[in-house]
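# Summary of the model geometry
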Amino acid sequence: MAALLMYIAVVSVAPDPSVCTSYEMVSGSAIDHSSGYGAGEVKCWRIPCSGGYVSLTWNTFETEDSEHCYDIGGCSSGCPGCNCDYVIIYTTAGNSERMCGTSLPSYTIADVGDVVIHFKSDNLKHRAGFSLGFTCSVTAPTDPHTAIKAATSVDADCHHSYTDLTLTPASTLSVPASGTYKPGLSQCYRVACSHQLQLTWNRFDIEGGASCPNDKVVLYTTSGKTDHCGSMSPSLTPPMGSDVVLLMESDGATELTGFEVIFECLTPAPDTPAPDTPAPDTPAPDTPAPDTPAPDTPAPDTPAPTHLLLILLHRTHLLLILLHRTHLLLILLHRTHLLL
């Protein structure tokens, strides 16, 4: 798919009163001029917002862009910088932005008061036009990309116009999708990642030269910006949580095959607590009891069998003597009885 193009040139003067001598009717909160515009058109719309801030939401945008000045004769002297068909936004404070191309603008109005939309076309190529919605609020519009804008000149270099890439979690950008890139190219691509953004280059073929004077890829992060060209892929690790803006610029001469890069947002793994696993039931080690020697108790003095027999015979002998004496006593008692 061909890259979408958007060019915005800063215009430092307030609108010439002769530019907007009359204004188109604004119906509700929208402006629709997307049914195809004709040659030599000059139209103006005024968005009233006294004391408030205007926010624009672009629904469609398709006008002749700057690269066509290399495609048609005589345009090269007037078309660069959106001088063929364009939209200019004027604010009450005197600031203005000029836009052309085929991608939706991302311009945020930071001035208080009315806004004028001015459209002009030339007599050559014509396209569908544009449509937008608007609101008026007392609250200034918020910008989620203030950090990178404060650190670099990205807003001025890209003229407030970006093609936002969606990461799911990665996105591949090829410029061009095939063939060689076009002359007069000036396009910004923006990638946002709240964690660590990784860039992997599959192809890099940009016209080279010292300080990249012709064609170049400019990379913007919250740490600054760097220019890249030639055939060596950029080596860039963006700061954690930083947006990255890639600007591709080419002049009208050498055209090469461009680049292909993969943007990937590396989301850290969640801190998952370790499961509460109980310790294994390990039995106590089988420790043998200490080898304690038994006390040295002397054995009782047991008499020998022969000695016991002698003792038994002696006691039997004493018993016989006792019986004999008992018998004699009985005889004595008997005789005493007889005497009585």
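Residues numbered from 1 in each chain as written. Predicted model: local features only at pLDDT ≥ 70, side-chain atom pairs only at ≥ 80, totals over all residues. Heavy atoms only, no water.

The next point concerns the overall build of the chain. Check the secondary structure of the chain and you find 3 helices and 16 strands. Taking all 340 residues of the chain together, 37% fall into the buried category. Of the contacts formed within the chain by residues at least 6 apart in sequence, a portion of 78% connects residues at least 24 apart. Of the roughly 19700 Å² of accessible surface on the chain, a fraction of 58% belongs to carbon and sulfur atoms. (Helix = DSSP H or I, 4+ residues; strand = E, 2+ residues; numbered from the N terminus. Buried < 20%, exposed > 50% of the residue type's maximum accessible area, 1.4 Å probe, protein only. Contact = heavy atoms within 4.5 Å. Areas by Shrake-Rupley, 256 points an atom, 1.4 Å probe, with all protein chains shown as cover.)

What follows is about the confidence of the model for the chain. Mean pLDDT for the chain: 82, with 84% of residues reaching 70 or above. For the stretch residues 1-14, pLDDT sits under 50, and the model shows 56 contacts to residues farther than four places along the chain or on other chains. Here residues 68-78 is a poorly scored stretch, pLDDT under 50, and it has 18 contacts once near neighbours within four places are set aside; other chains count. (pLDDT = per-residue confidence, 0-100.)

Right, let's get into the sheet that holds strand 14 (residues 224-228). Within the open sheet, the 5 strands sit side by side as 9-11-15-13-14. Their pairing is mixed. This sheet does not close on itself; its edge strands, each paired only once, are strand 9 (163-164) and strand 14. One ladder, built from 2 bridges, connects strand 9 with strand 11 (residues 186-191); its direction is parallel. Looking at the pairing, D164 lines up with R190 of strand 11. (Pairing = 2+ DSSP bridges.)

Before going further, it helps to spend a moment on unusual backbone geometry. Here the amide bond leading from T168 into P169 is cis, since omega sits at -5°, within 30 degrees of zero. Summarising the element assignment, P169 is placed in the loop between strand 9 and strand 10 (170-175). Residue P176 is reached from V175 by a cis peptide bond, and omega for that bond is -5°. Examined against the element boundaries, P176 turns out to sit in the loop between strand 10 and strand 11. In this structure, S211 takes a positive phi of about 65° despite not being glycine. Within the secondary structure, S211 is located in the loop between strand 12 (196-205) and strand 13 (216-221). With a phi close to 50°, C212 is a non-glycine residue in the positive phi region. One can find C212 in the loop between strand 12 and strand 13.

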